[in-house]
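The chain contents come next:
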Amino acid sequence: MSDLMTIIKERRSIRKYKSDPLPKELIDRIMEAGVFAASGMGKQAPIIIAVTNRELRDKIAEENRKIGGWEEGFDPFYGAPVILIVASNLDARTAVYDGSVTLGNMMLMAHELGLSTCWIHRAKEEFASDFGKEILDSLGIEGDYEGVGHLALGYIDGDMPAAHPRKPGRTFYIE
Ligand SMILES: Cc1cc2nc3c(=O)[nH]c(=O)nc-3n(C[C@H](O)[C@H](O)[C@H](O)COP(=O)(O)O)c2cc1C
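The rules behind these values
Within every chain, residues take consecutive numbers counted from 1 along the sequence as written. Residues qualify for local features only when their pLDDT is at least 70, as the model is predicted, and side-chain atom pairs are given and counted only at 80 or more; totals for whole chains, interfaces and linings, by contrast, use all residues. The basis for the side-chain values is all heavy atoms of the structure; hydrogens and waters are excluded. Strands pair, by our definition, only if DSSP identifies at least two bridges between them. Here a strand is any run of E in DSSP of at least two residues, a helix any run of H or I of at least four, and the numbering for each starts at the N terminus. All axes are obtained by fitting lines to C-alpha atoms, using only the stretch in contact for helices, and the reported angles, taken between N-to-C directions, cover 0 to 180 degrees. Pairing of aromatic rings covers Phe, Tyr and Trp, the last through its six-membered ring, and needs centres within 6.5 Å; plane angles under 30 degrees mean stacked, over 60 mean edge-to-face, and all others mean tilted. For every residue, the accessible area (1.4 Å probe, protein chains only) is compared with the maximum for its type, and the residue is labelled buried under 20%, exposed over 50%, or partly exposed between those bounds. Throughout, near means a residue has at least one heavy atom within 4 Å of the molecule or strand. Whenever a nitrogen or oxygen atom comes within 3.5 Å of another N or O atom, the pair is scored as a polar contact, on the condition that within protein one atom can donate a hydrogen and the other can accept it, and that pairs from neighbouring residues in sequence are kept only if both atoms are in side chains. Here a residue-residue contact requires only that any non-hydrogen atoms of the pair lie within 4.5 Å. Note on convention: near helix rotated counterclockwise from far helix by under a right angle means a left-handed crossing. Clockwise means right-handed. Patch membership is restricted to residues that have no salt bridge and whose relative accessible area is over 30%. Joining uses 9 Å for like charges and 5 Å for the nonpolar side chains Val, Leu, Ile, Met, Phe, Trp and Tyr. Note on areas: Shrake-Rupley with a 1.4 Å probe; residue coverage comes only from the protein chains shown. One speaks of a salt bridge when a side-chain nitrogen belonging to Lys or Arg is within 4 Å of a carboxyl oxygen belonging to Asp or Glu. Under this rule, positive means Lys or Arg and negative means Asp or Glu; His and the chain ends count for nothing. Where a charge lies is defined by one atom per residue type, namely NZ (Lys), CZ (Arg), CG (Asp) and CD (Glu).

1. Remarks on the sheet that holds strand E4 (residues 145-154)
- Overall, antiparallel pairing links the four strands, which are arranged E1-E2-E4-E3 in an open sheet. With one partner strand each, in any of the chains shown, strand E1 (46-51) and strand E3 (116-120) form the two edges of the open sheet. Going across the sheet, the axis of each strand differs from the next one's by a mean of 25 degrees, ignoring polarity.
- In this structure, E1 lies alongside strand E2 (residues 82-89), joined through six bridges in antiparallel fashion.

This is the structure we're talking about:
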C-alpha cells in the first residue's frame, strides 16, 4: 500500500477535538493543499478562509447550529479550534465541484500532518445570508460566492475510529 493510500484509508471524520490552538504553519500547509486542487477549466474558483478567531468561530458554530435545527448548546464543529471555510465563485460553472475537491485535498493533508477534520455542511445557507456576506465583506472579497463546506480542524480528542466497511459493487470495468 502506498503512503497516499494509507492516508486515504485512515482519514476519518472526527467529532471530538482538543481545544489546543494549531501552529499556523500547519494551517498554511493544509490551505496550500486546498489551493492546489483541480478546478474546472483551471479557473481556481474556490477561496479558503481559516477562522482561528475564537469569537467568530463560535458565531459560525451558532449560525450553523441554527440552520441545522439542533438544540441550543450543541457545537456542530465538535469543539475544533479552527474552521476552514470553502466558498466558490459562481462565475465558474463548476464552482461547487471545485470547492469539493478543495475540501477533499485539505482533509487528506490534515490527516497527513497528524490533524483531524470533519466536513461540516450548511455553508451554502450560511453564505447566502447576511451573516456570511458580512464575513466576505470584512475580507474585501467581492463577487458572487456560494458556500461549499467547512472543515472542523484540530487535534483529535480520543482514538481514531475505524473505517466503515465499504459497500461492495461500487466499482465497474467496461473492457
Ligand atoms: C458533503 C458532506 C457533508 C457532511 N456534513 C457533515 C456534517 O454536517 N456534520 C458531520 O458531523 N459530518 C458531516 N460529514 C461527514 C460524514 O458524515 C462522514 O464523512 C461519513 O460519516 C463517513 O465517515 P468518514 O469520513 O470517517 O469516512 C459530511 C461529509 C460530506 C462528504
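Okay, back to it.
2. Observations regarding the packing of aromatic side chains
- Counted according to the given criterion, the structure contains two aromatic pairs.
- With a centroid separation of 5.2 Å and 45 degrees between ring planes, the pair formed by Trp 70 and Phe 74 is classed as tilted.
- Judged by its relative accessible area of 24%, Phe 74 is partly exposed.
- Aromatic ring contacts, followed pair by pair, group Trp 70, Phe 74 and Tyr 78 into a single cluster.

3. What about the site of the ligand?
- The immediate surroundings of the ligand are formed by Arg 11, Arg 12, Ser 13, Arg 15, Tyr 78, Cys 118, Trp 119, Ile 120, His 121 and Arg 122.
- At 3.0 Å from an oxygen atom of the ligand is found a main-chain nitrogen or oxygen belonging to His 121.
- Here Arg 122 contributes a side-chain N or O atom positioned 2.9 Å from an oxygen atom of the ligand.

4. Focus on the environment of Asp 144
- Within the element layout of this structure, Asp 144 appears in the loop between helix H6 (130-138) and E4.
- With 91 residues separating them along the chain, Asp 144 and Asn 53 place their C-alpha atoms 25 Å apart.
- If sequence neighbours within four positions are ignored, Asp 144 has contacts with Ser 88, Asn 89 and Leu 90.

5. Focus: the packing of helix H2 (residues 24-35) against helix H4 (residues 95-112)
- At a minimum axis distance of 7 Å, the contact between H2 and H4 shows a crossing angle of 145 degrees. The chirality of how H2 crosses H4 is right-handed. Touching Arg 29, Ile 30, Met 31, Ala 33 and Gly 34 of H2 are Thr 102, Asn 105, Met 106, Met 109 and Ala 110, all from H4.

6. Considerations on unusual backbone geometry
- One non-glycine residue, Gln 44, lies in the positive phi region at around 50 degrees.
- Within the secondary structure layout, Gln 44 lies in the loop between H2 and E1.
- On the basis of relative accessibility, which here comes to 58%, the residue Gln 44 falls in the exposed class.
- Even without being glycine, Tyr 78 reaches a positive phi, approximately 55 degrees.

7. Some thoughts on a negative patch on the surface
- A surface patch of like charges, here negative, comprises Asp 130, Glu 134, Asp 137 and Glu 142.
- The topology assignment puts Asp 137 in helix H6.

8. What about the pattern of salt bridges?
- Scanning the model with the defined rule gives eight salt bridges in all.
- For Lys 16, the salt bridge goes to Asp 157, with nearest N and O atoms at 3.9 Å. Separated by 141 residues along the polypeptide, Lys 16 in the loop between helix H1 (3-10) and H2 and Asp 157 in the segment after E4 bring together distant segments of the chain.
- We note a salt bridge from Arg 65 to Glu 62, for which the minimum N-O separation is 2.9 Å. Placement of both Arg 65 and Glu 62 in helix H3 (residues 54-68) is noted, with a separation of three residues, approximately one turn of the helix.
- Looking at Arg 65, the relative accessible area reads 7%, which means it is buried.
- Connected through shared salt-bridge partners, Arg 54, Arg 57, Asp 58 and Asp 75 make up one network.

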